[in-house]
Amino acid sequence: MFLFSRFFEELIFTRRFSGKSSKGFKMSISRANDLRLPLMNLIRLKGTPILEQLHLEERLLRASSENWCIVNDGTNVPTIVMGMSGKPSQLLELGPVMKDQIPVIKRFTGGGTVIVDKSTLFVSLICNKDDVPGVQPYPRSVMAWSGSLYGEVFGGVNGFQLRENDYVFGDRKFGGNAQSIIKNRWIHHTSFLWDYNVRNMAYLKLPSRVPQYRLERDHTEFVCRMKDYIERSDFIEKTVKAVGKQFAMKQVNLEDIDSYAKGEHVKSTRLLTMEELQEAMSGTTQSA
Amino acid sequence: MAARFLWASRVASHLRISVAQRGFASVVLKDLKYAESHEWVKIDGNKATFGITDHAQDHLGDVVYVELPDLGRSVSQGESFGAVESVKATSDINSPVSGKVVEVNEVLTESPGLVNTSPYEEGWIIKVELSDAGEVEKLMDSDKYSKFCEEEDATH
């Protein structure tokens, strides 16, 4: 109510005293438009286990009707995360994975396989399609929007671009993204390689489906560390600011989530069992 | 465009239905019914076959995986029963009518690209036994669906 009162005060002042009442009126309308930005709830996490983050995202996508931005500053332990259709036998060096007891998750979104740890930065955006005008609920349209958003964050730094659906600096990938689209909503989530342990990359095989620009490079030649390009806190704050240009942001605590997302929903994200990984290695199952 | 219309004509001839030629790229077949979430349905007595439309497959990109439901599962009009994966995204497939799944297109497990190359024929996804034939009245005919797609594309 206070904000609307201020708007009308300004409107009356500019029309009476500006001498350029038309321009003043348009400027006040612009400020009024900011008040009508769709709401985006912001959850800031630090070190939350990636399985817990993914469960939260799937719940908010399917059981909430609001927009969400989730930022998780690192996860607790190194974890492998595969896309919905990922097959461990094709994507992972299963012997070392099982020997070192690396958790393997199959997530609800599409896309490829990543290994994440405390150095990884996660940003997830869950939107109602009607709150993002001009974006159709299809993967390429959503990615064009997200590419533009992160373009603002990186401001032309070192050849940032969305290249064949990857976030890159030049020809080196630093962010893996994926999406899930339901009837009127979608999620676009990204794991940003702030830093990584080269040894962890050895758990992943070279995937059969790769972008053309990869040019048969192995993981260490293909990816780069985001810390070489931008400060960690700078990236987080610039991302929140970029989102804030399109949405009215409201911070929400994790403890309050129950009031936003009620009821049953489809749960696809899960941790693969040791038995499933052993069966995948011995080739006795096609499903895991 | 001409090649796609020839393809659609062959499909239509095989299915013994007529084709609506539209001003834009996607193909819409007459005698099918359509949901706003871009699934098509063909009714045959108390059975229905569905898949996703040419408009949907064109916008989704190359389909690399189809998640099929289990046989015997119930599906409800407007609710998700499976998903397709394309361009790093999973996209829900929503049931245009309610019923019980009696057949799934297992070929899509090995050849998910059929959803792109043959969305109305070889790319069919499931067949159900209808539980409420009246639900079909809520769906769009080909003319309404064509207009719906045009309006949707025009606003973006």
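Chain B carries the name Glycine cleavage system H protein in an unreviewed UniProt entry, which gives Eruca vesicaria subsp. sativa as its organism. For the record of chain B, the UniProt heading Subcellular location (unreviewed entry) holds the text "Mitochondrion".

Chain A is annotated in an unreviewed UniProt entry as BPL/LPL catalytic domain-containing protein of Eruca vesicaria subsp. sativa.

**Student:** Help me get a handle on the overall build of chain B, residues and values and all.
**Tutor:** Scanning chain B from N- to C-terminus turns up five helices and 11 strands. The buried share among the 156 residues of chain B stands at 53%. A separation threshold of at least 6 residues defines the contact pool for chain B, and within that pool the share at least 24 residues apart is 60%. On chain B, roughly 7,100 Å² of surface is accessible, and the fraction owed to carbon and sulfur atoms is 47%.

**Student:** Break down helix H10 (residues 274-282) of chain A for me, with residues and values.
**Tutor:** All names here are of chain A. Within H10, the full set of buried residues consists of Glu276, Leu277 and Ala280. The buried side chains of H10 occupy one side of the element, clustering within an arc of 100 degrees when seen end-on. Opposite the buried face of H10, at more than 90 degrees from it, the exposed residues are Glu275 and Ser282. Considering only its buried residues, H10 is in contact with helix H4 (88-91), helix H5 (94-99), strand S4 (104-106) and strand S12 (270-271).

**Student:** Mind laying out the interface of chain B and chain A, listing which residues take part and the relevant values?
**Tutor:** In this assembly, 25 residues from chain B lie in contact with 24 residues from chain A. Taken over both partners, the interface formed by chain B and chain A buries close to 2,000 Å², and the fraction arising from carbon and sulfur atoms is 52%. The largest share of the area that chain B buries against chain A comes from B:Lys88, B:Thr90 and B:His156, three residues that together contribute 35% of it. Among the ionic pairs, A:Asp166 bridges to B:Lys88, the shortest N-O distance being 2.8 Å. At the junction of chain B with chain A, the criterion picks out 16 residue pairs in polar contact (both at pLDDT 80 or more). Of all the secondary-structure elements, those providing two or more residues to the side of chain B that touches chain A are helix H2 (54-60), strand S6 (63-67), strand S8 (80-86), strand S9 (89-94) and helix H5 (142-154) of chain B.

**Student:** Which residues make up the sheet that holds S12(A), and what values go with them?
**Tutor:** Residue and element names in this part refer to chain A. Strand order in the open sheet formed by four strands is S5-S3-S4-S12, with mixed pairing between adjacent strands. Because the sheet does not close on itself, it has two edges, and the strands there are strand S5 (114-116) and S12. As judged from the three bridges shared by strand S3 (residues 79-82) and S5, these two strands associate in the antiparallel manner. In the strand pairing of S5, valine 81 is matched with valine 114.

Conventions we followed
- Residues numbered from 1 in each chain as written.
- Chains lettered and ligands numbered in written order.
- Predicted model: local features only at pLDDT ≥ 70, side-chain atom pairs only at ≥ 80, totals over all residues.
- Heavy atoms only, no water.
- UniProt positions renumbered as here; feature names shortened; annotations may be inferred.
- Helix = DSSP H or I, 4+ residues; strand = E, 2+ residues; numbered from the N terminus.
- Buried < 20%, exposed > 50% of the residue type's maximum accessible area, 1.4 Å probe, protein only.
- Contact = heavy atoms within 4.5 Å.
- Areas by Shrake-Rupley, 256 points an atom, 1.4 Å probe, with all protein chains shown as cover.
- Arc of directions from axis to C-beta.
- Buried area = accessible area lost by both parts, 1.4 Å probe.
- Salt bridge = Lys/Arg side-chain N within 4 Å of Asp/Glu carboxyl O.
- Polar contact = N/O pair within 3.5 Å; in protein donor to acceptor, adjacent residues only side chain to side chain.
- Pairing = 2+ DSSP bridges.

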